[in-house]
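Overview (structure and organization)
Take a look at the letters that make up each chain.
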Amino acid sequence: MVFSGADLVRQVDNSSGPDMAFAGVAAHDKVASDGSTRITCYTNGIFDMKFDETVGTTYQGEMVMISGTNIVATLANAGADAAKIGYLVSGCVVGRALEVASASEVVAVKLGLI
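Now for a quick tour of the structure. (Residues numbered from 1 in each chain as written. Predicted model: local features only at pLDDT ≥ 70, side-chain atom pairs only at ≥ 80, totals over all residues. Heavy atoms only, no water.)

Here we look at the overall build of the protein
How we decide: Helix and strand labels come from DSSP, where a helix needs a run of H or I of at least four residues and a strand needs a run of E of at least two; each type is numbered from the N terminus. Exposure categories follow from relative accessible area, calculated using a 1.4 Å probe and restricted to protein chains: below 20% of the type maximum is buried, above 50% is exposed, and the middle band is partly exposed. Accessible areas in this description were obtained via Shrake-Rupley with a 1.4 Å probe; residue shielding takes into account the shown protein chains only.
A tally of regular secondary structure across the protein gives one helix and nine strands. Moving toward the C terminus, one meets the helices and strands of the protein in the order β-β-β-β-β-β-β-α-β-β. Expressed as a percentage of the 114 residues in the protein, the buried residues total 29%. Carbon together with sulfur atoms contributes 53% to the accessible area of the protein, which is approximately 6900 Å² in total.

Right under this line is the structure:
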């Protein structure tokens, strides 16, 4: 989930790219027509996440960021140093990889930067 919306309204939406601030992992499925306007998100914990198919090897301890809908990539693959810093300060970083991973592999990720 990522933050979206304007003004002082705090809204979340599904993640779709690296330019969105990470809000957390949805704690349950949300059906659009169920009448509910709230959802719980985990902001701490260890979760299995799928790595981008274009990413090479990801090493344990590397920072992980949003790369697409339900896909993550390492901050090291974000391009120029200026882009990496921008992603880091804008809240796009999800956490750290806890395992070595190859492209398209699902691995454990610890949410948060610490």
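Some points on the packing of aromatic side chains
Two numbers describe a pair of aromatic rings. These are the distance of the centres and the angle of the planes. We count it as follows: Working definition: rings of Phe, Tyr and Trp (its six-membered ring) pair if their centres are within 6.5 Å, and the pair is stacked with planes under 30 degrees apart, edge-to-face with planes over 60 apart, and tilted otherwise.
Overall, the coordinates contain one aromatic pair when judged by the stated rule. Seen in terms of ring centroids, Y42 and F47 are 5.5 Å apart; in terms of plane orientation they differ by 40 degrees. Their pairing is tilted. With a relative accessible area of 40%, Y42 lands in the partly exposed category.

Here we look at unusual backbone geometry
Even without a glycine there, the phi angle at S104 is positive, about 65 degrees. Structurally, S104 can be placed in the loop between β8 (93–97) and β9 (106–111). Under the relative-accessibility criterion, S104 is labelled partly exposed at 34%.

Side note on the side chain of D52
What counts, and what does not: We call two residues in contact whenever any of their non-hydrogen atoms come within 4.5 Å of each other.
In this structure, D52 sits in the loop between β5 (46–50) and β6 (63–68). In contact with D52, not counting residues within four places along its chain, are S67, I71, V72, A73, A103 and S104.

Details of the sheet that holds β8
What holds strands together in a sheet is hydrogen bonding between their backbones, with the strands either parallel or antiparallel. The criterion, for reference: Two strands are said to pair when DSSP picks up at least two bridges between them. Only the stretch in contact is used when a helix axis is fitted, and all axes are lines through C-alpha atoms; the angle between N-to-C directions ranges over 0 to 180 degrees.
Read across the sheet, five strands follow the order β5-β9-β8-β6-β7 without closing on themselves; strand pairing throughout is antiparallel. Either end of the sheet is taken by a strand with one partner, and the two such strands are β5 and β7 (71–74). In this sheet, neighbouring strand axes are inclined to one another by 50 degrees on average, regardless of whether the strands run parallel or antiparallel. Relative to β7, β6 is paired through four bridges, and the arrangement is antiparallel. When the bridges of β7 are listed, V64 appears paired with T74.

Notes on the nonpolar core
Rule in force here: Among buried residues, the Ala, Val, Leu, Ile, Met, Phe, Trp, Tyr and Cys ones that are joined through side-chain atoms within 4.5 Å form a nonpolar core.
Judged by nonpolar contacts, the single largest core of 13 residues is most densely connected at M49, F51, V94 and V109. Of all elements in the fold, only β6, β8 and β9 reach the threshold of two or more residues within this core. In terms of residues, this core owes the most to one element, β9, which gives three residues. Among all residues touching V94, those that are not within four sequence positions of it are F22, M49, V64, M65, I66, V72, V109, K110, L111 and G112.

Quick notes on the side chain of E62
Stated formally: Definition of a polar contact: a pair of N or O atoms within 3.5 Å, with one able to donate and the other able to accept a hydrogen when the atoms are protein atoms, and with sequence-neighbouring residues admitted only if both atoms are side-chain atoms.
Tracing the chain through its elements places E62 in the loop between β5 and β6. We classify E62 as buried; its relative accessible area is 19%. Of the polar contacts made by the side chain of E62, one reaches the backbone nitrogen of Y59; its length is 2.6 Å. Residues in contact with E62, not counting those within four places in the same chain, are T57, T74, A76, G95, R96 and A97.

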